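# Descriptive analysis of the structure
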Amino acid sequence: MRSIRRLWNALGQFGRRCLLVLLAFAVLSASCVCQLTSLQLINDKSLASAAEKTRTATATVQGNRGKIEDTNGTVLAQSVERYNVIGDPLLAQSFKPVNCTANNKTACHSINGKPVGTTGAAAVARLLASVIDVDAKTLGAELSGNSHYVVLKKNVSPAVKRKIDKLNIGGYVITKLSSIREYSNGTLLGALLGGVDGTGKGVSGIELLEDKTLTGTNGYKTYQSGGGGEMIPGTLIDSKDAVNGSDVKLTIDSDVDWYVKKALTDGVNQYHAAWGIAVVQDVQTGAIIALEDSDQIKAGSTEAMQNASRAVAETFEPGSVGKVFAMAGMLQLGLHQMTDKFSVPSTITVDGQTYKDSHEHATTNWTLAGILQQSSNVGMIMAADQYTSEERYEFLKKFGIGQASGLNLPAESNGSLSSASAWDGRTRNTVLFGQGYSTNALQITNAIATIANKGVKNQQYIVKSVTDAEGRTTTPKRGEASRVVDESVASQMLNAMESVGEYYQAQAGISGYRIAAKTGTAQVAGANGSLTSIVADWVGVLPADNPRFVVTVILKDPDGTYGGLTAGPIFKTIGEFLMQKYQVPTSTPRTDAIPVTW
């Protein structure tokens, strides 16, 4: 101890200070060695794990939404690959471009072979503006913020994405996989197809109806990422494949639907109608081949997502088309035959209520078939003297009036048919000629198709098949067909309807083909609530001798008023196209017409 003191004193003040400094460095060095040993030998695994976590990224692999196709496989709606361009403003502000030389062509920055000419956010903006349709000034402003995230451009194509990748600005700007829904035919089937929201979820029309079927299941990839967020090759940690949504094939024939849309739009313009609706249905199967209205709504648009198809949602009194259902019930119950004779005046009073035909006429001798051909309201009331209110209601219900169609289309209206017990003395008679209840275009189309199908009502359908991501095709289950009237009754009704078709041969006849039809004209409430508006309709079966199609045309407030004079000619245009497209054999001559007069 004394020797240490003597040494300490001998060093002097300067020497003692130097010694203390050396001792301090020694202690510090020893501490560093211990810490380094701990890091490398004791905590190396935990530190490596932490570093790995900072580099680990998980990317969503998107399951695409399925396609919607027409009956022939023509694509009506599909999702296409797109990318959102995302910027990091805080990082972009530190960007320094690398001028290009002969040795760094794949890792430098230039615009059309020239230096960028600036640094920071402005440089990133200039580079990006050279490949996307946004000016550099706008991009520069977006990249001058104080966040790490800003959307610079949505839904760029894969080709543009590849150009961005070649700019060498990864990390400053990244592209994130997205998709958009494209519709191939503009306003064709617009509101019926509907649309999807910003997340790709169906919100209206077929997109909503089949949303679960169309929606895919996302997968993922977990990997080690580089400084720009890109995947480091060979570092895939985990993954799950995405599963695309199933494709939905409709019964709609887009060629027919296009022609129907054109014929309907032309007719609405010709007759200055407020709107029009048209339906084409396959008689034998119940498949909907065309379903259109005159509204000019583009599929996928905001308007399509906010408005239902008029062909589905609009309800109206069918007018004299309803005589078919009422008369079929009389025949089925055995109350009359089509050859029964009536002397029909132009007006009649029953229980204090007066009813009249559409025009004045002398008392005329018509058979029941003639009452249908001439569309006599008075004749229907005379023929229904033994037809109870409950029976009238029951047959309207059996034909599907006021009932759900089973199509389950979004916003589809059932119309209204109150029970017989709720009818007053006038309504119980007006239901005989299509007033006092409301229906939609799909209902009256299938009701007339029931007559054309020998008295059997098919379940209408619009989804033909579904094909999943593995290529497996299934047919959705449909409701059972039901018999409404006997085949003999349906045959008599079709015969009488053919006489109606002959009556309107000049307006709605189709050369070479026999047609069976019924017209309707009903007063409905106008804008002020009073009966100031008209719905004119025509439902036709063709060919009458071998029914293939039912075509319904409905017009609101047309010039010309009557269905036979306005909706009938539009039916003719559509019918001619159908016969040609499907190469339907021409009709045999009619030889069995039921007399309409006596």
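So, a few notes on the structure that sits alongside this text.

Criteria and thresholds
- Residues numbered from 1 in each chain as written.
- Predicted model: local features only at pLDDT ≥ 70, side-chain atom pairs only at ≥ 80, totals over all residues.
- Heavy atoms only, no water.
- 1 Å grid on protein atoms, 1.4 Å probe; cavity = no way out; pocket = protein on both sides within 12 Å on 5 of 7 lines; lining within 4 Å.
- Points joined across faces, edges and corners; volume = space filled by probe spheres on them.
- Nonpolar A, V, L, I, M, F, W, Y, C, P; charged D, E, K, R; others polar.
- Axes fitted to C-alpha atoms, helices over the stretch in contact; angles between N-to-C directions.
- Helix = DSSP H or I, 4+ residues; strand = E, 2+ residues; numbered from the N terminus.
- Parallel < 35°, antiparallel > 145°, perpendicular 65-115°, else oblique.
- Contact = heavy atoms within 4.5 Å.
- Left-handed = near helix turned anticlockwise from the far one by under 90°.
- Phe/Tyr/Trp six-rings, centres within 6.5 Å; stacked < 30°, edge-to-face > 60°.
- Lys NZ or Arg CZ within 6 Å of the ring centre and 35° of its normal.
- Salt bridge = Lys/Arg side-chain N within 4 Å of Asp/Glu carboxyl O.
- Polar contact = N/O pair within 3.5 Å; in protein donor to acceptor, adjacent residues only side chain to side chain.
- Pairing = 2+ DSSP bridges.
- Expected span 1.5 Å × (residues − 1).
- Buried < 20%, exposed > 50% of the residue type's maximum accessible area, 1.4 Å probe, protein only.

Attention now moves to the layout of surface pockets. Approximately 930 Å³ is the volume attributed to the second largest pocket. Asp357, Ser358, Asn377, Gln435 and Thr521 are, among the 36 residues lining the second largest pocket, the residues nearest its centre. For the lining of the second largest pocket, the residue count by class is 11 nonpolar, 19 polar and six charged.

Interaxial distance between helix H18 (residues 441–452) and helix H19 (residues 487–503) falls to 8 Å at its minimum, and their mutual angle equals 110°. The angle between the axes of H18 and H19 places the two elements in the roughly perpendicular class. Along its contact with H18, which presents Ile448, Ile451 and Ala452, the element H19 presents Ala490, Met493, Leu494 and Met497. A class-by-class count of the residues in the contact of H18 with H19 yields seven nonpolar, no polar and no charged.

The geometry of helix H13 (residues 322–332) relative to H19 is characterised by a closest axis approach of 10 Å and an angle of 140° between their N-to-C directions. Taken together, the axes of H13 and H19 lie oblique to each other. You can see that H13 and H19 cross each other, and the crossing is right-handed. Contacts from Val324, Met327, Ala328, Leu331 and Gln332 in H13 reach Val489, Gln492, Met493 and Met497 in H19. Looking at the contact of H13 with H19, its residues break down into seven nonpolar, two polar and no charged.

This part covers the packing of aromatic side chains. According to the stated counting rule, one finds nine aromatic pairs in the structure shown. Cluster of aromatic residues (ring-pair linked, three or more members): Tyr503, Tyr504, Trp538 and Phe571. Note that lysine 161 overlies the ring of tyrosine 83, its terminal NZ or CZ placed 5.5 Å from the centroid. For the cation-ring pair, arginine 478 lies above tyrosine 461, with the distance from its terminal atom to the ring centre recorded as 3.6 Å.

Turning to the pattern of salt bridges, a few remarks are in order. Under the definition given, this model contains 18 salt bridges. Three or more residues are tied together by salt bridges with common partners; here these are Arg65, Arg181, Lys201, Glu207 and Asp211.

Our focus in this paragraph is the environment of asparagine 408. Secondary-structure assignment places asparagine 408 in the loop between helix H16 (389–398) and helix H17 (427–430). A sequence separation of 54 residues divides asparagine 408 from isoleucine 462, and the C-alpha atoms of the two residues are 9.8 Å apart. Among the polar contacts made by the side chain of asparagine 408, one reaches the main-chain carbonyl oxygen of glycine 406 at a distance of 3.4 Å.

Moving on: the pairing of strand S10 (residues 247–250). Pairing of strand S2 (residues 68–69) with S10 involves two bridges; the strand directions are parallel. Looking across to S10, one finds that glutamate 69 is bridged to lysine 249. Where S10 lies against strand S18 (residues 463–467), four bridges are found, and the strand directions are antiparallel. The partner of lysine 249 across the bridge, within S18, is serine 465.

Time to look at empty space enclosed by the protein. Any empty space left between atoms is shown by rolling a water-sized probe over those atoms. Applying the stated rule across the entire model yields two cavities of 30 Å³ or more. Computed from the structure, the largest cavity encloses a volume of approximately 90 Å³. Surrounding the largest cavity, 14 residues form its lining, Gly190, Ala191, Leu192, Glu292 and Asp293 being those nearest its centre. Looking at the lining of the largest cavity, the elements that each hand over two or more residues are helix H7 (190–193) and strand S12 (288–293). Taken together, the residues of the lining of the largest cavity break down into six nonpolar, three polar and five charged. Reported here for the second largest cavity is a volume of approximately 40 Å³. Lining the second largest cavity are Phe325, Ala326, Tyr387, Arg392, Phe395, Leu396, Val431 and Leu432. Sorting the residues of the lining of the second largest cavity by element identifies H13 and H16 as the ones contributing at least two each. With three residues, the single largest contributor to the lining of the second largest cavity is H16. Tallied by class, the residues present in the lining of the second largest cavity amount to seven nonpolar, no polar and one charged.

Strand order across the open sheet formed by five strands is S12-S11-S23-S22-S21, with antiparallel pairing between neighbours. If you trace the sheet from one side to the other, it starts and ends with S12 and strand S21 (516–524), each paired once. Within the sheet, the average angular offset between the axes of one strand and its neighbour, ignoring direction, is 10°. When S21 meets strand S22 (residues 533–542), the two strands line up antiparallel, connected through nine bridges. Considered in S22, the bridge of alanine 516 is made with valine 541. Against the sheet, helix H10 (residues 254–270) engages strand S11 (275–282), S12 and strand S23 (549–556), with an angle of about 30° to S12.

With that settled, consider H19. Each turn of an α-helix holds 3.6 residues, which means side chains three or four residues apart point in the same direction. Taking 1.5 Å of rise per residue, the 17 residues of H19 would be expected to cover 24 Å, and the 24 Å separating its terminal C-alpha atoms lies within 8% of that figure. Burial runs high along H19: 12 of the 17 residues are buried. Of all the residues in H19, the buried ones are Val489, Ala490, Gln492, Met493, Leu494, Asn495, Ala496, Met497, Glu498, Ser499, Val500 and Gly501. Buried residues belonging to H19 abut H13, helix H14 (368–373), H18, helix H20 (505–508), S21 and S22.

Don't take any of this as a statement about function, it's just geometry.
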